[in-house]
Amino acid sequence: MTAAPEIRRLTTPQDLFQAAADELIRAANDAVQQRGRFTIALSGGSTPKNLYTLIAANASVLPWDRMFFFWGDERYVPPNDPQSNFRMANEALLSKVPVPPANIFRIAAENPDAAAAALAYEKTLREFFDVARGEFPRFDFILLGIGPDGHTASLFPETAALQEKTRLVVANWVEKMKARRITFTLPVLNAARIAAFLVSGTDKAAILHEVLEGKGPDEKYPCRLVRPKEGKLLWLVDRAAASELAPAV
Ligand code: 6PG
């Protein structure tokens, strides 16, 4: 049963990132207490950088040796490239906290064969979560962003990855960017215990209104297709991003 999304409106970006940090810290400690570990897939782009910095500043409240870090998507660039989602998270968070390097599972996007890089990451997920073909890993927390076109992770509108029903990770050609991306598929996102969108700023106001209140077809907005089957869907948005939404009731 897919629960209704929880849309939490925060005032300032600082309030937004603090709310996201609180949610992540709570989920991490709950997961470790209940299951002995916390598995998280990080998102890329620019929005989460402030969250990662805040988490690093609150490192003492987290069980780092029981936390396991993955990425929901990666640009098809080496890890030291300014565009790399790994590089951003490593600089803002992972290099600043006592997480064991063995707990960090980077997408090897330097592989000259993007499909092979996706397959290798899929193999990593299947082994870590002990899931066979046809089964999907259940992340405790998947952090997501939303692009101006409604994409999330690297699931862009009208791209092949949106149709994938059995693979966990694929290389996805994005025509409008003339670029490949490596991304989780929708079944992995929808297996999450918590899928949390983090949306900040006026440049997201129009797309957030379309996604949450518009009448267009779901397929036009990949982030609308994120509906965890047995998990929590959380939209954390600041006032600027929510400025085109109907007033909260
Ligand atoms: C990426 C992200 C992507 C991102 C959105 C929003 O690799 O870029 O995973 O899905 O979350 O594009 O990006 P911003 O936070 O930079 O607006």
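Structure's up top.
As the structure is a computational prediction, the values presented were derived from the model and not from experiment.

Remarks on the side chain of D73
By secondary structure assignment, the location of D73 is in strand 4 (residues 73–75). Taking relative accessible area as the criterion, D73 reaches 4% and is therefore assigned buried. Within the structure, D73 has its side chain in polar contact with the side chain of S154 (distance 2.6 Å). In contact with D73, not counting residues within four places along its chain, are G44, N85, I107, A153, S154, R181, I182 and T183.

Observations regarding the site of the ligand
The environment of the ligand is made up of 14 residues, and the closest members are T47, D73, R75, A153 and K204. G44 is positioned with one of its backbone polar atoms (N or O) 3.4 Å from an oxygen atom of the ligand. A distance of 2.7 Å is found between an oxygen atom of the ligand and a side-chain nitrogen or oxygen belonging to H151. The protein chains hide 88% of the 410 Å² of surface that the ligand would expose on its own.

Side note on the environment of N29
Inspection of the secondary structure puts N29 in helix 1 (residues 13–35). Taking the relative accessible area as the measure of exposure, N29 reaches 31% and is therefore partly exposed. The contact partners of N29, leaving out residues within four places of it in the chain, are V61, L62 and P63.

Focus on the pairing of strand 3 (residues 67–71)
Summarising burial for strand 3: five of the five residues are buried, a large majority. In strand 3, alternate side chains face the same way, and those of M67, F69 and W71 on one face and F68 and F70 on the other are all buried. Where strand 2 (residues 38–42) lies against strand 3, five bridges are found, and the strand directions are parallel. Residue pairing for strand 3: L42 is matched across the bridge by W71. For the crossover from strand 2 across helix 2 (residues 48–57) to strand 3, the handedness is right-handed.

Cut-offs applied
Residues numbered from 1 in each chain as written. Predicted model: local features only at pLDDT ≥ 70, side-chain atom pairs only at ≥ 80, totals over all residues. Heavy atoms only, no water. Helix = DSSP H or I, 4+ residues; strand = E, 2+ residues; numbered from the N terminus. Buried < 20%, exposed > 50% of the residue type's maximum accessible area, 1.4 Å probe, protein only. Polar contact = N/O pair within 3.5 Å; in protein donor to acceptor, adjacent residues only side chain to side chain. Contact = heavy atoms within 4.5 Å. Near = heavy atom within 4 Å. Areas by Shrake-Rupley, 256 points an atom, 1.4 Å probe, with all protein chains shown as cover. Pairing = 2+ DSSP bridges. Right-handed = clockwise from strand over helix to strand, strands pointing away.

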